[in-house]
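An overview of the molecular structure
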Amino acid sequence: MSELAAHSHGEVHDDHDHHEAPFWKQYVFSTDHKVIGIQYGFTALLFLAFGFFLMMVMRWSIAYPDRAVPVLSDWPWFQAWLDNEGRVTGDLYNMFGAMHGTIMVFLGIVPLAFGAFGNYVTPLQIGAPDMAFPRLNMASFWCFLLGGVLMFVSFFLPSGAAKVGWTNYSPLATTTDLNFSSQFWTGQTQWLVGMVFLISSSLLGAVNFIATIINLRCRGMTWMRLPFFVWAMMVTGFLLLLAFPPLEVAAIMQIMDRLGGTSFFVPTGLNVNGLAFDAAGGGSPLLYQHLFWFLAHPEVYVLILPAIAIVSEVIPCNTRKPLWGYKSMVYAVMALGFLAFIVWAHHMYMTGMGPAISTFFQTTTVLISVPSVILITSLLISMWGGSIRFNPAMLFATAFIPMFGIGGLTGLPLAFNLPDLHLHDTYYVIGHFHYVVAPGTIFGLFAGIYHWFPKHTGRQMNTMLGHLHFWPSLICMNGIFAPMFLQGMAGFHRRAFDGGAAYEQISSSILAEPGTFVAGVFEKLRIVGEGQPVEMIDLNIVTSTFAWLLALAQVPFIINLFASVYVGKKVTSDNPWDATTLEWATPTPPPHGNFTTEPVAYRGPYEYSVPGADTDFTPQFEDDPGIVKKEPAKRDDKVSSEDSTKA
């Protein structure tokens, strides 16, 4: 009998027997979804820290291209990457830029959002003892770790790491590092091999999540009693399952182009360094772009949906109100998942597509903003009139909404091909994307860490350190990315390692004519700067300074995260937030197998402040005779209007 069948028939797999397993099996090669979630979480946080380090070096080069990198220029192993005067070179900037994007997206945010939070919380919220396929879950983590190690080790190869951008476009990616005798042991090839492992990890996880949510819901957990977090995880799983295979195929085809002499993406008549490239030709570089962006735009929603899901759990709990528009949010997130697959080519307006095709992608791109607005509006209304408690989790959750809103609104001009021709590959795109994933997604993930930390450890994180973490982070995030919109509209290119010094002469003319918005902004900056001339390039120093301050702002979080495990205030209840969903019915921390008795869902997930109730929360796992006696529905029963979550 398969693991899934054993679960569905009420049998307990050998992995769930309560015997004392050796340390290496219990904590290293574990099949417990909670341990795997923690493994994903800490590994992803380490990669996020490394990706942030790469960004800080890049910001130094952008702000001070003529100065040696402080501290790092004295490290012997780092000196080989710098020029003779200790400055960042163009090659180093390209390498760090490519790997910063790759690490932050594929090794940081996605594993933390989907792998860590999804693994830890989803089975608890549906009343399951574990994931449907525990060993597949373990294999998913180790594929992720192996892919991450390959990416990290590639920095120390003679060629250095990949350096042609996180998009890895052919034919540039196919023809780089040709001067090395072994093409396999180059950073570019190892990037591709690492991506194959990372994508395989995501596919294994996606299948596991979908099977778990469909088959392992506890008694009474009908579809419309699922927490919104679970709905978002299932849609995210389908996005990964359907969008990642094209990029995995593209990576394998590009490996064959590099190592096997094929020409999937190598066109006929290609010249490299003035010489004809020895290849059969006939390939299409545009084919790679289509395969990449067919993944990469759904990937944006793989990044953002878990954050929205976390915020949707934190806000009702801390406003003591039901989640407004629950059903609308469920239908919106499904519409978002569908539309995410038919907008990818708005990243490719520069390839010269015709007006009919560009009109289609412009239309679908604008349409996809509708379900996003439904989600954000529902969250805003959920806070209206609530008795809000502003703990650190709630602070990050509330800040997520306007930050994600700015990211979405600034993306609308990029939906149209005419303004995109001007803004493409400028700092405007950097500002737009990072508002979505930095003060957007990452703020949502911080909210989740503060919210579920007591369930995992039995201790609270320090509130004062949480505030010291939030407010500087909020200020610095906006200080980094808001100026990029001005620079982008002035034409500053995103890949200029000297910060756009070549644009210094035109910065005073483009969009800075008297009477324009940009001119007004710079007039105010001149006043603040006591009349000194302020040029667009000076904003590089502003954004870089805020980036380094943002690093300091994470120190309280790091101290809080590790110290609270040992000295944090102990929780006195398994449900310290007085929440309503099933994960708070488990002991703290949850044992192997999660629940000590069979969990049953008696009602919807967000029954807060129910009229006639004795308390302002009515957990879905308690059959409270003080309200209305409700018989637990079978898992596949339709939900009556009386039992459904009030929208």
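Calculation criteria
- Residues numbered from 1 in each chain as written.
- Predicted model: local features only at pLDDT ≥ 70, side-chain atom pairs only at ≥ 80, totals over all residues.
- Heavy atoms only, no water.
- Axes fitted to C-alpha atoms, helices over the stretch in contact; angles between N-to-C directions.
- Helix = DSSP H or I, 4+ residues; strand = E, 2+ residues; numbered from the N terminus.
- Parallel < 35°, antiparallel > 145°, perpendicular 65-115°, else oblique.
- Left-handed = near helix turned anticlockwise from the far one by under 90°.
- Nonpolar A, V, L, I, M, F, W, Y, C, P; charged D, E, K, R; others polar.
- Salt bridge = Lys/Arg side-chain N within 4 Å of Asp/Glu carboxyl O.
- Core = buried A, V, L, I, M, F, W, Y, C linked by side-chain atoms within 4.5 Å.
- Buried < 20%, exposed > 50% of the residue type's maximum accessible area, 1.4 Å probe, protein only.
- Domains from an automatic or database assignment.
- Phe/Tyr/Trp six-rings, centres within 6.5 Å; stacked < 30°, edge-to-face > 60°.

Structural notes on the packing of helix α9 (residues 228-259) against helix α10 (residues 285-319)
Packed helix pairs are characterised by how far apart their axes lie and by the angle those axes make with each other. Orientation of α9 relative to α10, taken along the N-to-C sense of each, is 160°, at an axis distance of 8 Å. Between α9 and α10, the angle is such that the two are roughly antiparallel. Read as a crossing pair, α9 and α10 show a hand that is left-handed. For the contact of α9 with α10, a count of residues per class yields 28 nonpolar, 3 polar and 2 charged.

Brief notes about the pattern of salt bridges
Under the defined criterion, the tally for this structure stands at 8 salt bridges. Between D32 and K34 there is a salt bridge whose closest N-O contact spans 2.9 Å. One network of salt bridges, with partners in common, ties together D83, E85 and R87.

Here we look at the nonpolar core
Nonpolar side chains tend to gather and get buried jointly when the protein is soluble and globular. In this structure, F96, F155 and F228 are the most contacted members of the largest nonpolar core, which totals 185 residues. For this core, the leading source of residues is helix α5 (residues 90-126), giving 21 residues. Residues lining this core come from more than one domain, with at least three contributed by each of domain 1 (34-268 + 278-389) and domain 2 (418-457 + 461-568).

Side note on the packing of aromatic side chains
One pass over the full model with this rule turns up 50 aromatic pairs. When the centroid spacing of 5.3 Å and the interplanar angle of 80° are considered together, the rings of Y40 and F141 count as edge-to-face. Within this pair, whereas Y40 is found in helix α3 (residues 33-63), its partner F141 is found in helix α6 (residues 134-153), the two being separated by 101 residues in sequence. According to the relative accessible area criterion, Y40 is buried, its value standing at 5%. Classification of F141 by relative accessible area gives buried; the value is 3%. Between Y427 and F492 the ring centres are 6.4 Å apart and the planes differ by 25°, which places this aromatic pair in the stacked class.

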